[in-house]
Amino acid sequence: MVRECIVTPNNFIYPLFIHEDTDSNVDIPSMPGCQRHTLDSMLKEVGESLELGVNTFVLFPKVPDHLKTNLGVEAYNPEGIVPRAIRMIKEKYPEATVVTDVALDPYSDQGHDGVVENGKILNDVTINQLCKQVVCQARAGADIVAPSDMMDGRVKAIRDALDSEGFTDVSILSYTAKYASAYYGPFRDALDSHPGFGDKKTYQQDPANGREALIEADLDAMEGADMLMVKPGMPYLDVIRRLKDHSDLPIAAYHVSGEYAMIKAACERGWLNEKDVVLETLTCFKRAGADIILTYYAKQAAQWMKEDGLY
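Residues numbered from 1 in each chain as written. Predicted model: local features only at pLDDT ≥ 70, side-chain atom pairs only at ≥ 80, totals over all residues. Heavy atoms only, no water.

Caption draft 1: How the structure looks around the packing of helix α3 (residues 123-140) against helix α4 (residues 154-164). Where α3 contacts α4, the axes come no closer than 9 Å and their chain directions differ by 40 degrees. Here α4 runs oblique to α3, going by the angle between their axes. Crossing of α3 against α4: the hand is right-handed. Here α3 contributes I127, L130, C131, V134, V135 and A138 to the contact with α4, which in turn contributes R154, A157, I158, A161 and L162. Per-class residue counts for the contact of α3 with α4 are 10 nonpolar, no polar and 1 charged. (Axes fitted to C-alpha atoms, helices over the stretch in contact; angles between N-to-C directions. Helix = DSSP H or I, 4+ residues; strand = E, 2+ residues; numbered from the N terminus. Parallel < 35°, antiparallel > 145°, perpendicular 65-115°, else oblique. Left-handed = near helix turned anticlockwise from the far one by under 90°. Contact = heavy atoms within 4.5 Å. Nonpolar A, V, L, I, M, F, W, Y, C, P; charged D, E, K, R; others polar.)

Caption draft 2: Region of interest: the pairing of strand β1 (residues 12-18). Taken across its 7 residues, β1 has 7 buried, putting it largely inside the fold. The alternating pattern of β1 places F12, Y14, L16 and I18 on one face and I13, P15 and F17 on the opposite face, and all of these are buried. Judged from the 2 bridges that link them, β1 and strand β12 (residues 292-295) form a sheet pairing that is parallel. Within β12, the position partnered with F12 by the bridge is I293. One ladder, built from 6 bridges, connects β1 with strand β4 (residues 56-61); its direction is parallel. (Buried < 20%, exposed > 50% of the residue type's maximum accessible area, 1.4 Å probe, protein only. Pairing = 2+ DSSP bridges.)

Caption draft 3: Spotlight on the environment of P106. With respect to the secondary-structure elements, P106 resides in the loop between β5 (97-102) and β6 (115-117). Spatially, the C-alpha atom of P106 lies 22 Å from that of G233, the residues being 127 residues apart in sequence.

Caption draft 4: Quick look at the packing of helix α1 (residues 39-51) against helix α2 (residues 81-92). Where α1 contacts α2, the two axes come as close as 10 Å, and the packing angle between them is 40 degrees. Judged by the inter-axis angle, α1 sits oblique to α2. Considering only the axes of α1 and α2, their crossing is right-handed. Contact residues: α1 offers L39, D40, M42, L43 and V46, while α2 offers I81, R84, A85, M88, I89 and K92. When its residues are assigned to classes, the contact of α1 with α2 shows 8 nonpolar, no polar and 3 charged.

Caption draft 5: Broad picture of the pairing of strand β10 (residues 227-231). Within β10, 5 of the 5 residues are buried, which leaves it mostly tucked inside the rest of the structure. The alternating pattern of β10 places M227, M229 and K231 on one face and L228 and V230 on the opposite face, and all of these are buried. In this sheet, β10 lies alongside strand β9 (residues 171-178) in parallel orientation, the contact comprising 5 bridges. Paired with L173 across the bridge in β10 is M227.

Caption draft 6: Focus on the side chain of R36. For R36, the location among the structural elements is in strand β3 (residues 35-37). Here R36 is buried and forms no salt bridge, its nearest opposite-charge partner D21 lying at an N-O distance of 4.5 Å. Dropping the residues within four chain positions of it, R36 is found in contact with F17, H19, D21, N25, V26, I28, K62, D189, A190 and D192. (Lys, Arg positive; Asp, Glu negative; His and termini not counted. Salt bridge = Lys/Arg side-chain N within 4 Å of Asp/Glu carboxyl O.)

Caption draft 7: Local environment of the pattern of salt bridges. Here the structure, examined in full by the defined rule, presents 19 salt bridges. A salt bridge links E20 to R84, with the shortest nitrogen-to-oxygen separation between them at 2.7 Å. Placement of E20 in the loop between β1 and β2 (26-27) and of R84 in helix α2 is noted, with a sequence separation of 64 residues between them. We classify R84 as partly exposed; its relative accessible area is 23%. Note that E274 is salt-bridged to K264, the shortest N-O span being 2.9 Å. Placement of the pair is E274 in helix α9 (residues 274-288) and K264 in helix α8 (residues 257-268), with a sequence separation of 10 residues. The partly exposed category is assigned to E274, whose relative accessible area is 22%.

Caption draft 8: Representation of helix α10 (residues 298-307) in the model. Among the residues of α10, A298, K299, A301, A302, W304 and M305 are the ones counted as buried. Structurally, α10 contributes buried residues whose contacts are with β1, α1, α9 and β12.

Below, the structure written as structure tokens:
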């Protein structure tokens with residue numbers, strides 16, 4: 001009765017890895033319990049999750065190497081894996097909310113979020129490609145686009161591109177405070193998208209900076225973002241709280257792959273109780289100010305909550 005923060009499956013966005021390398025799912029060794037799904041398996045996972053109250057899904061593709069280019073043109077192929085996956089979900093489960101990742105790294109032969117020239121990321125050229133990507137995703141039926149690239153000015157360009165094509169109802173979930181973190185390794189394993197050279201510190205935020213997130217939040221809000229995200233999650237609860245206090249927009253937290261893998265590793269060794277730790281972790285996100293939680297535990301947490309009669 002007096003509990004201040006209550007987490008429900010409706011708070012979750014469930015990230016799903018998809019692929020077409022084989023006709024079966026592929027385990028991700030650094031993320032035990034997660035798989036690259038075939039499109040048929042993806043549909044099954046969406047259906048089972050909807051029954052548990054998880055209504056929102058974000059798609060991440062593992063793209064074959066032969067389709068990767070510096071310009072990432074496969075990102076806006078209308079017959080690419082993501083547009084087809086969106087159409088499949090919306091046709092079978094129109095009630096599902098589909099979020100798409102907006103960045104070039106899954107499609108890049110350089111492994112970076114943008115177009116590369118002479119070892120540098122070309123901001124404006126990249127934004128041009130991202131605008132083509134979001135329009136393609138919106139045409140396929142995406143409800144929310146989530147630019148994770150961290151290019152300067154991309155939110156306004158994406159909003160303008162969507163509006164000019166008539167997609168005024170497609171929302172933008174901006175990766176506002178995406179840090180150049182060491183917690184992303186397992187995710188890059190899942191997509192085979194490790195940087196081909198260097199790192200991403202020139203366009204992602206310094207983990208030492210907190211106030212910078214407020215500057216980025218103001219810029220994203222001014223450019224037309226509908227929701228603001230902090231990534232990673234648990235190590236940046238202070239940033240989540242700062243954004244919550246600073247902005248009237250909904251705040252999302254990404255419980256990233258490295259955080260997930262750490263919990264899994266400790267629980268596999270019997271050092272922690274998985275259910276208790278996961279539910280506590282998700283509650284901490286809500287307490288810090290997150291309205292939305294992207295977590296690989298979405299389906300499992302919803303099952304635990306149902307078993308405990310929490311909703």
